Amino acid sequence: MSFCLPLKAVIFDMDGLLIDSEPYWEQGEKHIFGELGLDLTLAEKLPDTLGLRIDQVVELWYQAAPWQGTSKNEVAQRIINYVVRLVKENRPLLPGVEYALNLCRERGLKIGLASASPYGMLEQVLELFNIRHYFDAVISAADLPYSKPHPEVYLQAANQLDVNPIQCITLEDSFNGMIATKAARMRSIVVPAAHHFDDPRWSLADIKLNSLEKLTIENIT
């Protein structure tokens, strides 16, 4: 795909792209919702929550099966705490992360992180794996009015990087993130999980890879 303006920035998602944390979010949701006495088979009837902000996931569950005695904010925080603990215990850095970050640096691109996870969690994860120094901007959608698939978090990232959105490229693992990318008028690289890799919805992306290890200089030029 050709562009009139050269790429100047690359923006990474975190969960499912830098760290293999999506299973931990699923475990955390099941654990906490189970403690609330909810029927966990409800998950099969809910929309795709991959890439959604945790308060949005909690709201979907609450609409499907309202509970008493515990605020939605408290439920969301309990899930976040559960996931952070598992990340720290298991350190699930995905293959190719430092390779991809170094490639972007060699290309002279600014690097951002744009995630639906809370800002405090983003900083903890980057420090845990000693990769914070690669990032020129770290943006959380947790406190924004809208989260992915809305483009706001990516537009905020472009603004903080001082780069026109059409000169940005994102790396994502979720459909919601890909949609947010396209709505922000950015170029999209997707790195889907193996069980989603052949889904035809990825046709919206510009490039599809099975690992960050497969990223090439041509992909970000």
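Refer to the structure presented above.
Every value quoted in this text rests on a predicted model; they were computed, and no experiment measured them.

About the cut-offs
- Residues numbered from 1 in each chain as written.
- Predicted model: local features only at pLDDT ≥ 70, side-chain atom pairs only at ≥ 80, totals over all residues.
- Heavy atoms only, no water.
- Helix = DSSP H or I, 4+ residues; strand = E, 2+ residues; numbered from the N terminus.
- Rg over C-alpha atoms; globule rule 2.2 N^0.38 Å.
- Buried < 20%, exposed > 50% of the residue type's maximum accessible area, 1.4 Å probe, protein only.
- Contact = heavy atoms within 4.5 Å.
- Areas by Shrake-Rupley, 256 points an atom, 1.4 Å probe, with all protein chains shown as cover.
- Lys, Arg positive; Asp, Glu negative; His and termini not counted.
- Charge placed at Lys NZ, Arg CZ, Asp CG, Glu CD.
- Disulfide = S-S within 2.5 Å.
- Core = buried A, V, L, I, M, F, W, Y, C linked by side-chain atoms within 4.5 Å.
- Pairing = 2+ DSSP bridges.
- Axes fitted to C-alpha atoms, helices over the stretch in contact; angles between N-to-C directions.

(A) Representation of the overall build of the protein within the structure. When its secondary structure is counted, the protein shows seven helices and six strands. Against the 2.2 N^0.38 benchmark of 17 Å for 221 residues, the protein shows a C-alpha radius of gyration of 17 Å, consistent with a compact globule. For the C-alpha atoms alone, the extent of the protein along its principal axes is close to 55 × 35 × 30 Å. The buried share among the 221 residues of the protein stands at 52%. Counting contacts in the protein only where the partners sit at least 6 residues apart, residues at least 24 apart contribute 67% of the total. Of the roughly 10300 Å² that the protein leaves accessible, carbon and sulfur atoms contribute 50%. Between the averaged position of the 20 positive side-chain charges in the protein and that of its 29 negative side-chain charges there is a distance of 4 Å.

(B) Region of the structure containing the state of the cysteines. Enumeration over the complete set of coordinates arrives at zero disulfides. Residue Cys 104 stays outside any disulfide, its sulfur separated by 12 Å from that of Cys 168, the closest cysteine. Cys 104 sits in the buried class, given a relative accessible area of 0%. On the accessibility criterion, Cys 168 (0% relative accessible area) is buried.

(C) View of the nonpolar core. The biggest cluster of nonpolar side chains holds 56 residues, and the ones touching the most others in it are Phe 12, Leu 18, Ile 79, Leu 113 and Phe 135. Going through the elements one at a time, strand E1 (9-12), helix H1 (22-35), helix H2 (54-64), helix H3 (72-90), helix H4 (97-106), strand E2 (110-115), helix H5 (119-128) and strand E4 (168-172) are the ones with two or more residues in this core. If one sorts the elements of this core by residue count, H3 sits on top with nine residues. Phe 12 has contacts with Leu 17, Leu 18, Ala 100, Leu 101, Cys 104, Ile 111, Gly 112, Leu 113, Ala 114, Phe 135 and Leu 171, leaving out every residue within four places of it along the chain. If you look at the next biggest cluster of nonpolar residues, it comprises 17 residues, including Ala 9, Val 153, Leu 161 and Cys 168.

(D) How the structure looks around unusual backbone geometry. The linkage connecting Lys 148 with the following residue, Pro 149, adopts the cis geometry, with an omega of 15 degrees. Relative to the elements of secondary structure, Pro 149 occurs in the loop between strand E3 (137-140) and helix H6 (152-161). Even without being a glycine, Arg 91 presents a positive backbone phi close to 45 degrees. Within the element layout of this structure, Arg 91 appears in the loop between H3 and H4. In this structure, Asn 130 is a non-glycine residue whose phi angle is positive, near 55 degrees. With respect to the helices and strands, the residue Asn 130 is situated in the loop between H5 and E3.

(E) Examining the sheet that holds E4 more closely. The six strands lie next to each other as E3-E2-E1-E4-E5-E6, forming an open sheet whose pairing is parallel. Both outer strands of the open sheet, E3 and strand E6 (207-208), are each paired with one neighbouring strand and no more. Pairing geometry for strand E5 (residues 187-190) and E6, over two bridges, is parallel. By the bridge assignment, Val 190 is partnered in E6 with Lys 208. On top of the sheet, H5 reaches E2 and E3; it is set at about 140 degrees to E3, its chief contact. Its contacts with the sheet place helix H7 (residues 175-183) against E4 and E5, and it is angled at close to 165 degrees to E5.

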